[in-house]
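Read off the chains here:
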Amino acid sequence: HKTKHFSNIQQKTQVPFHQMIFFDDARDGKYGNCEPVAALGVFCVHCPQGIVTREIFERALHSYRTEWDKTPNTILEWDGVLTVNTPRYRQPE
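Residues numbered from 1 in each chain as written. Predicted model: local features only at pLDDT ≥ 70, side-chain atom pairs only at ≥ 80, totals over all residues. Heavy atoms only, no water.

> Explanation requested: the packing of aromatic side chains in the structure shown.
Each pair of aromatic rings is reported with the distance of its centres and the angle of its planes. As enumerated under the stated definition, the model contains five aromatic pairs in all. Their ring planes at 25 degrees and their centres at 5.6 Å tell us that Phe23 and Phe57 sit as a pair that is stacked. A residue pair is termed long-range when its members are at least 10 positions apart, and Phe23 in strand β1 (residues 21–24) and Phe57 in helix α3 (residues 54–66) qualify at 34 residues. We classify Phe57 as partly exposed; its relative accessible area is 37%. Centroid distance Phe43 to Trp68: 5.0 Å. Interplanar angle 45 degrees. Geometry classified as tilted. Here the residue Phe43 occupies a position in strand β2 (residues 43–46), and Trp68 occupies one in the loop between α3 and β3 (74–77), the gap between them amounting to 25 residues. Of the two residues examined, Phe43 and Trp68, each falls in the buried class. When the ring centre of Tyr64 is taken as reference, the NZ or CZ atom of Lys70 above it lies at 5.0 Å. (Phe/Tyr/Trp six-rings, centres within 6.5 Å; stacked < 30°, edge-to-face > 60°. Helix = DSSP H or I, 4+ residues; strand = E, 2+ residues; numbered from the N terminus. Buried < 20%, exposed > 50% of the residue type's maximum accessible area, 1.4 Å probe, protein only. Lys NZ or Arg CZ within 6 Å of the ring centre and 35° of its normal.)

Here is the structure:
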């Protein structure tokens, strides 16, 4: 699970979750990564086709810097829609 990876990264680097950005093609469901990682407080970008254009990457950086208020469970869609989900996942202890 990606949450374990991010927890390990956070512990080893001491970089707070809200200073991390995660791009992934799986948002939710059985194989979803964005929702559980966003629950940690990481800014997540759902790009179902991958980062196929520079615009997707630049939009994510812009949203991270100017629109995101550091609220956990925030996911930016590839098309620029910013959502805050009701958490369905528990943070690892």
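> Help me understand the sheet that holds strand β4 (residues 82–84), please; the structure alone is not making it clear to me.
Strand pairing in a sheet relies on backbone hydrogen bonds, with the paired strands running either antiparallel or parallel. On the basis of which strands lie adjacent, the open sheet formed by four strands has the order β1-β2-β3-β4 and mixed pairing. Of all the strands in the sheet, the pair left with one neighbour each is β1 and β4. For this sheet the average axis-to-axis angle between neighbouring strands, irrespective of direction, equals 25 degrees. (Pairing = 2+ DSSP bridges. Axes fitted to C-alpha atoms, helices over the stretch in contact; angles between N-to-C directions.)

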